[in-house]
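As a plain string of letters, each chain reads:
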Amino acid sequence: MAATIYPPTSPDVAHKRRDLAPDVQAAFEAFGRQVFADGALDTKTKQLIAVAVAHVTQCPYCIEGHTKAAQRAGATAPELMEAVWVAAEMRAGGAYAHAAIMIASLSEDR
């Protein structure tokens with residue numbers, strides 16, 4: 001990951017997180033393994049979804065980690081970019097759809 005305000009991930013950070021809440025960390029890791037295992041959706045598809053969601057949540061750690069995981073699962077650069085474009089459209093679509101709240105508010109008393 002490029003230099004940012006976010007601290008880099010490291011084994012020390014992972015150990016500290018585990019030391020602070022070992023049972024929760026273990027449960028989270030087990031949950032992640034289950035979620036990304038092949039099921040009704042294959043792992044590649046799930047990782048492409050994760051890349052798209054990571055762009056919407058704007059988590060640089062998730063973007064990097066799930067991009068690499070998607071590539072390991074066979075995703076191509078064009079597939080990854082298309083997933084990002086889907087995320088961009090959905091995020092923009094949310095703002096567009098929520099304009100209905102603003103429009104409804106226009107008719108209310110001030």
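Everything numeric in this text was worked out from a predicted model, so none of it was measured.

## Brief notes about helix H5 (residues 77-106)
- With 30 residues, H5 extends 44 Å from end C-alpha to end C-alpha; this agrees with the ideal 44 Å at 1.5 Å per step.
- The set of residues buried in H5 consists of Leu80, Ala83, Val84 and Ala87.
- Buried residues belonging to H5 abut helix H3 (43-57) and helix H4 (60-72).

## Section: the packing of aromatic side chains
- Applying the stated criterion across every chain, the model contains one aromatic pair.
- Arranged with centres 5.8 Å apart and planes meeting at 80 degrees, the rings of Tyr6 and Tyr61 form a pair that is edge-to-face. Residue Tyr6 is located in the segment before helix H1 (11-20), and its partner Tyr61 is located in helix H4; the two are separated by 55 residues in the primary sequence.
- With relative accessibility at 39%, the residue Tyr6 sits in the partly exposed group.
- The partly exposed category is assigned to Tyr61, whose relative accessible area is 28%.

What counts and what doesn't
Residues numbered from 1 in each chain as written. Predicted model: local features only at pLDDT ≥ 70, side-chain atom pairs only at ≥ 80, totals over all residues. Heavy atoms only, no water. Helix = DSSP H or I, 4+ residues; strand = E, 2+ residues; numbered from the N terminus. Expected span 1.5 Å × (residues − 1). Buried < 20%, exposed > 50% of the residue type's maximum accessible area, 1.4 Å probe, protein only. Contact = heavy atoms within 4.5 Å. Phe/Tyr/Trp six-rings, centres within 6.5 Å; stacked < 30°, edge-to-face > 60°.

Structural measurements only, silent on function.
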